[in-house]
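Inside the fold
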Amino acid sequence: MHVTRRDFLKYVAAAAAALGIDAAGLGGLERALAASSSPPIVWLQGALCTGCSVSLLNLTNPGIEDVLLNSVSLRHHSNIQASAGDLAISCLVDDADTFNGEFILVVEGAVPTAFSGRTCIVGQRDGAEWTMLDAVSELGAKAKYVVSVGTCASFGGIPKESPYTASKPVAEVLGATVRNPVVNLPGCPAHPNTIVGALVTLLTTGMPQLGTGRQPTAFYPTTVHRRCPRLYSMFTQVGSNGCYFLKGCRGPWTVISCPVHKWNNGVSWCIQANMACIGCAAPDFPRKPLLAYGLANARVDWRAHQVSGTSLAPMTTPAIPSAPVTPPPGGFVPMMRISPWS
Ligand code: SF4
Ligand code: SF4
């Protein structure tokens, strides 16, 4: 199915509430998309699983092929661009010079810094290996906006756990060299609507309002817990209906819009599918273990949260109890009575 630019604008208009774009912003989008010389989007991939790219390619209504062909100027992305090797790298470098201060740099994956970044090579440049560290540092300083897609780019994610690569979040690597604050779009993977919506926002209205984790508040308004349909419901086993707080659910500490956007074209999401939230969009992801059973652990987490003063600060991993928490006489009480958020 061919989706025209008008169709795409309709999609954006439908999502305007979530995007925070008013009529003036939509006009800006139309102008941005109509311009043949609209600033390109350059997508770099570092230490990653490519899950965020797969997530983007799963965009529906409109399909990603129509967005790429008709609407957004995604000039460089190693999985979908036609060119490869020297040609691809030289075009990328030329575009960064031509659109210096105008283009959007999207980074997927963390940035390995050990051995001067030589554990992650993005390609050959002038006959020498070009490290992800050098590419992000050079392009990040030239870009108008830098977007970290996924938890690995935003907070380090799974690659930061490696003792060998010293992988770091993009914002930490770039420091003060950027023209605008790095925009984080955490999630493992990031949601396709969030990726496209954030890029459209940057193209039309500029920098969005960011939360304490640098996430756009339009797409990361509050915790999973606060919008969870199981809030205040009785504790049950994972795999059955009910709140998973005592099974270690990370919803209270994870800021993202999963209960609203859902996944797979709005079909379902983790808790609707009877699984606890593992906090894949949180700065401390992945925790070990991902879920920890028991009221005792929940209390440890809550105390750490109170001490840190923010739901986005790293927290220590609570110890796994040697034995399951013994239910109180009469069984577990409703969430409402044990929850510090009630
Ligand atoms: S603890 Fe988890 S399952 Fe329970 S209400 Fe919060 S987000 Fe939903
Ligand atoms: S509900 Fe939690 S684990 Fe599931 S996608 Fe959202 S943030 Fe990730």
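Residues numbered from 1 in each chain as written. Chains lettered and ligands numbered in written order. Predicted model: local features only at pLDDT ≥ 70, side-chain atom pairs only at ≥ 80, totals over all residues.

Helix and strand counts for the protein chain stand at 13 helices and 9 strands. Burial analysis of the protein chain (342 residues in total) assigns 43% to the buried set. When contacts within the protein chain are restricted to residue pairs at least 6 apart in sequence, long-range pairs at least 24 apart make up 75% of them. (Helix = DSSP H or I, 4+ residues; strand = E, 2+ residues; numbered from the N terminus. Buried ≥ 20, exposed ≤ 12 C-beta atoms within 10 Å, placed from the backbone. Contact = placed C-beta atoms within 7 Å.)

Here we take up the environment of Arg230. When you line up the elements, Arg230 lands in the loop between helix H10 (192-204) and helix H11 (258-261). The buried category is assigned to Arg230, around which 20 C-beta atoms lie within 10 Å. With sequence-adjacent residues up to four places away left out, Arg230 is seen in contact with Gly242, Cys243 and Ile271.

Let us look at the site of ligand 1. Taken together, the neighbourhood of ligand 1 is formed by 13 residues, with His225, Cys228, Cys243, Cys249 and Gly251 sitting nearest. Across the shell around ligand 1, the residue classes break down as 10 nonpolar, 2 polar and 1 charged. (Near = placed C-beta within 6 Å. Nonpolar A, V, L, I, M, F, W, Y, C, P; charged D, E, K, R; others polar.)

This part is about unusual backbone geometry. With an omega of 10 degrees, the peptide bond between Cys188 and Pro189 qualifies as cis. By the secondary structure assignment, Pro189 is in the loop between strand E9 (183-185) and H10. Look at the link from Phe285 to Pro286: it is a cis peptide, with omega at 0 degrees. Positionally, Pro286 belongs in the loop between H11 and helix H12 (295-308). With a phi angle near 70 degrees, Thr50 is a residue other than glycine that sits in the positive phi range. Assignment of secondary structure puts Thr50 in the loop between strand E1 (41-45) and helix H4 (51-57). Phi is positive for Asn265, close to 60 degrees, though the residue is something other than glycine. Classification of Asn265 by C-beta neighbours within 10 Å gives exposed; the count is 12.

Neighbouring strands of a sheet are bound in pairs by backbone hydrogen bonds; such pairs are parallel or else antiparallel. The strand order across the open sheet built from 5 strands is E2-E1-E3-E7-E9, with neighbouring strands paired in parallel fashion. Each edge of the open sheet carries a strand with a single partner, namely strand E2 (74-77) and E9. Pairwise comparison of adjacent strand axes, ignoring direction, gives a mean angle of 20 degrees for this sheet. Where strand E7 (residues 145-149) and E9 come together, 3 bridges link them in parallel fashion. From the neighbouring strand, Val147 faces E9, where its bridge partner is Val183. Where H10 meets the sheet, it contacts E1, strand E3 (104-108), E7 and E9, and its direction lies at approximately 160 degrees from that of E9. (Pairing = 2+ DSSP bridges. Axes fitted to C-alpha atoms, helices over the stretch in contact; angles between N-to-C directions.)

With that settled, the discussion passes to the confidence of the model for the protein chain. On average, residues of the protein chain carry a pLDDT of 79, and 71% of them reach 70 or more. The low-confidence segment residues 15-24 (pLDDT under 50) makes 18 contacts with residues lying over four places distant or belonging to another chain. Contacts of residues 308-342 to residues separated by more than four positions or lying in other chains number 49 contacts, the stretch itself having pLDDT below 50. (pLDDT = per-residue confidence, 0-100.)

It is worth spelling out the pairing of E7 at this point. Most of E7 sits inside the fold, with 5 of its 5 residues counted as buried. Residues of E7 alternate between two faces, with Tyr145, Val147 and Val149 on one and Val146 and Ser148 on the opposite face, all of them buried. The pairing of E3 with E7 spans 5 bridges and is classified as parallel. Pairing of Ile104 across the sheet is with Tyr145, part of E7.

Another point: the nonpolar core. Ranked by internal contacts, the top residues of the largest apolar core, which has 74 residues, are Val42, Leu44, Ile104, Leu105, Val136 and Val170. Broken down by element, this core gets its largest block of residues, 7 residues, from H10. Split by domain, this core shows at least three residues from each of two domains, domain 1 (5-204) and domain 2 (221-342). Setting aside chain neighbours within four positions, we find Leu44 in contact with Leu105, Val107, Val122, Met132, Ala135, Val136 and Leu139. (Core = buried A, V, L, I, M, F, W, Y, C linked by C-beta atoms within 7 Å. Domains from an automatic or database assignment.)

A separate point is the environment of Trp263. Considering the arrangement of structural elements, one finds Trp263 in the loop between H11 and H12. When the 19 C-beta atoms within 10 Å are taken as the criterion, Trp263 is described as partly exposed. Sequence separation between Trp263 and Pro192 is 71 residues; the distance between their C-alpha atoms is 9.0 Å. Look past the residues within four positions of Trp263 in its chain and what remains in contact with it is Ser268 and Trp269.

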